[in-house]
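Chain by chain, the residues:
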Amino acid sequence: MVSIKTFEFNLLHTNCYIVSDEDNFAAIVDPCYFREDEKKALNDYISAKGLKVDVILVTHGHFDHVYGVADCAKTYPSAKVYYNSAEEKTNEESIRNCPLIGLDAPDYSFAYEDVRNMNGFDWHSRTIKILHTPGHTEGGVCYFIENDHILFSGDTLFKGTIGRTDMLTGNYDDIMESLMKVIMVLPSDTDVLPGHGPATTIADEALTNPMLQPIDEFLESEE
């Protein structure tokens, strides 16, 4: 079973996750730190645990999820960054908006493996599936560690609600289709680790999330 460490970074309380396997290989999900003390906390944990970071997973391009990616990639140069080139408009939106709240624009110059046409990849003894979930942003993706039934849902699914769709490339119909056809059909015992807020499970969201009711009727209507 993998181990997961959760950090809450930046002024929007974005979750950053470190996933490590039995051999101390590690993946960082959405390195989103703004400040030096946040960066230090992340790197100190990695160092203390003796982790070998070889993967950086980015769910989407909003600044509060990518702010530390370029710096993180420099800190761990052997790590492959996974990101979607379909997020170009989202990148541009963040570059425009950050100065309005007193932040420098995010650095999107990092090299990456383009997930646009990828469905997954092997990570040592595990498979990480790339689930394409447009709606919050055009190129948003979720990452599903199939062996362990763990989903990193970015800003697509939260405990008790779903991602907002009122920004540049957001689309309500798209996010509902992503949720109903891609996310909620995962195993019910899947642990969902979202971009903000507490963890949940597919079963809990199917039963209690008011934005996802009724799932069965939606699926039947598509048959």
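The following paragraphs examine the structure supplied in this document. Please read all numbers here as calculations on a predicted model, not as lab measurements. Each chain carries its own residue numbering, running from 1 in the written order of its sequence. With pLDDT at 70 or above as the cut-off, local features in this predicted model cover only qualifying residues; side-chain atom pairs require 80 or more to be listed or tallied, and sums for whole chains, interfaces and linings still use all residues. Note that water and hydrogens are dropped before the side-chain values are worked out from all heavy atoms of the structure.

**Considering the sheet that holds strand β6 (residues 113-114)**
No. 1: In spatial order, the strands read β1-β2-β3-β4-β5-β6; together these six strands make up an open sheet with mixed pairing. Only two strands of the sheet have a single neighbouring strand rather than two, namely β1 (3-9) and β6.
No. 2: The contact definition used throughout considers only heavy atoms, calling two residues in contact when any of these lie within 4.5 Å. Only the contacting stretch of a helix is used when fitting its axis, a line to C-alpha atoms as for every element, and angles between N-to-C directions run 0 to 180 degrees. In this description a helix means any DSSP run of H or I spanning at least four residues, a strand means any run of E spanning at least two, and both kinds are numbered starting from the N terminus. Here helix α1 (residues 36-49) sits on the sheet and contacts β1, β2 (14-20), β3 (25-29) and β4 (52-57); the angle it forms with β1, its principal contact strand, is near 170°. Two strands qualify as a pair provided DSSP detects at least 2 bridges between them.

**Section: the state of the cysteines**
No. 1: Disulfides are defined as cysteine sulfur pairs within 2.5 Å. Enumeration according to the criterion identifies zero disulfides in this entry.
No. 2: Take C16: it sits in no disulfide, and the sulfur closest to it among the cysteines is that of C32, at 5.1 Å.
No. 3: Taking relative accessible area as the criterion, C16 reaches 0% and is therefore assigned buried.
No. 4: Not part of a disulfide, C72 finds its nearest cysteine sulfur in C16, a span of 7.2 Å. We call a residue buried when its accessible area falls under 20% of the maximum for its residue type, exposed when it is over 50%, and partly exposed in between, using a 1.4 Å probe and counting protein chains only.

**Here we look at the nonpolar core**
No. 1: Put simply, a nonpolar core is a bunch of buried Ala, Val, Leu, Ile, Met, Phe, Trp, Tyr and Cys residues held in one set by side-chain atoms that sit within 4.5 Å of each other. Formed by 26 residues in total, the largest nonpolar core has its most connected members in I18, I28, L42 and I46.
No. 2: At the level of secondary structure, the elements contributing two or more residues to this core comprise β1, β2, β3, α1, β4, α3 (69-75) and β5 (80-83).
No. 3: Among the elements that line this core, the one with the most residues is α3, at four residues.
No. 4: Not counting residues within four places of it along the chain, the set of residues in contact with I46 comprises I18, I28, L51, V53 and Y76.
No. 5: Counting 20 residues, the second-largest nonpolar core is a separate cluster that includes L57, V115, V141 and Y143.

**Details of helix α5 (residues 172-183)**
No. 1: I175, M176, S178, L179, M180 and I183 are the residues of α5 that are buried.
No. 2: Throughout this description, a polar contact denotes any pair of N or O atoms lying within 3.5 Å of each other; where both atoms belong to protein, one of them has to be capable of donating a hydrogen while the other can accept it, and for residues adjacent in sequence the pair is counted only when both atoms sit in side chains. Between a side-chain oxygen at the N-terminus of α5 and the backbone nitrogen of D173 the separation is 3.1 Å; the capping residue is N171.

**Regarding helix α4 (residues 88-97)**
No. 1: Listing the buried residues of α4 in full gives T90, N91, E93 and S94. Along the axis of α4, the buried positions cluster into a sector of 160°, meaning they face one direction only.
No. 2: Buried-residue contacts for α4 involve α2 (63-66) and β5. The directions considered for the arc are those from the helix axis to the C-beta atoms.

**Remarks on the side chain of T169**
No. 1: One can find T169 in the loop between β12 (161-162) and α5.
No. 2: Relative accessible area serves as the criterion here: at 14%, T169 is assigned to the buried category.
No. 3: Side chain to side chain, T169 and T90 meet in a polar contact 3.5 Å long.
No. 4: For T169, the contacting residues outside a window of four places in its chain are K89, T90, G135, H136, T137 and E138.

**Focus on empty space enclosed by the protein**
No. 1: Cavity means a closed set of points on a 1 Å grid over the protein atoms alone, one where a 1.4 Å probe fits but cannot get out, pocket means an open set with protein on both sides within 12 Å along at least 5 of 7 lines, and lining means a residue has an atom within 4 Å of a point. Grid points are joined across faces, edges and corners, and a volume is the space filled by probe spheres set on the points. Tallied over the entire structure, the rule returns two cavities of 30 Å³ or more.
No. 2: Computed from the structure, the largest cavity encloses a volume of approximately 50 Å³.
No. 3: Three classes are used: nonpolar for Ala, Val, Leu, Ile, Met, Phe, Trp, Tyr, Cys and Pro, charged for Asp, Glu, Lys and Arg, and polar for all others, with Gly counted as polar. Classifying every residue of the lining of the largest cavity by side-chain character gives one nonpolar, nine polar and one charged.
No. 4: The space that makes up the second largest cavity amounts to roughly 30 Å³.
No. 5: Lining of the second largest cavity is provided by N15, Y17, V29, D30, T59, F152, S153, G154, L193, P194 and G195.

**Section: the layout of surface pockets**
No. 1: Its volume calculated, the largest pocket comes out at about 220 Å³.
No. 2: In this structure, the largest pocket is lined by 14 residues; those nearest its centre are L12, H62, D64, R164 and M167.
No. 3: Those elements giving two or more residues to the lining of the largest pocket turn out to be α2 and α4.
No. 4: Tallying contributions element by element places α4 first for the lining of the largest pocket, with three residues.
No. 5: Taken together, the residues of the lining of the largest pocket sort by class into four nonpolar, six polar and four charged.

**Observations regarding the pairing of strand β13 (residues 191-194)**
No. 1: Relative to β13, strand β10 (residues 150-154) runs parallel, the two sharing four bridges. Bridge pairing in β13 places I150 opposite D191.
No. 2: What sits between the antiparallel neighbours β13 and strand β14 (residues 200-201) is a turn of five residues, in which G197 has the positive phi angle 80°.

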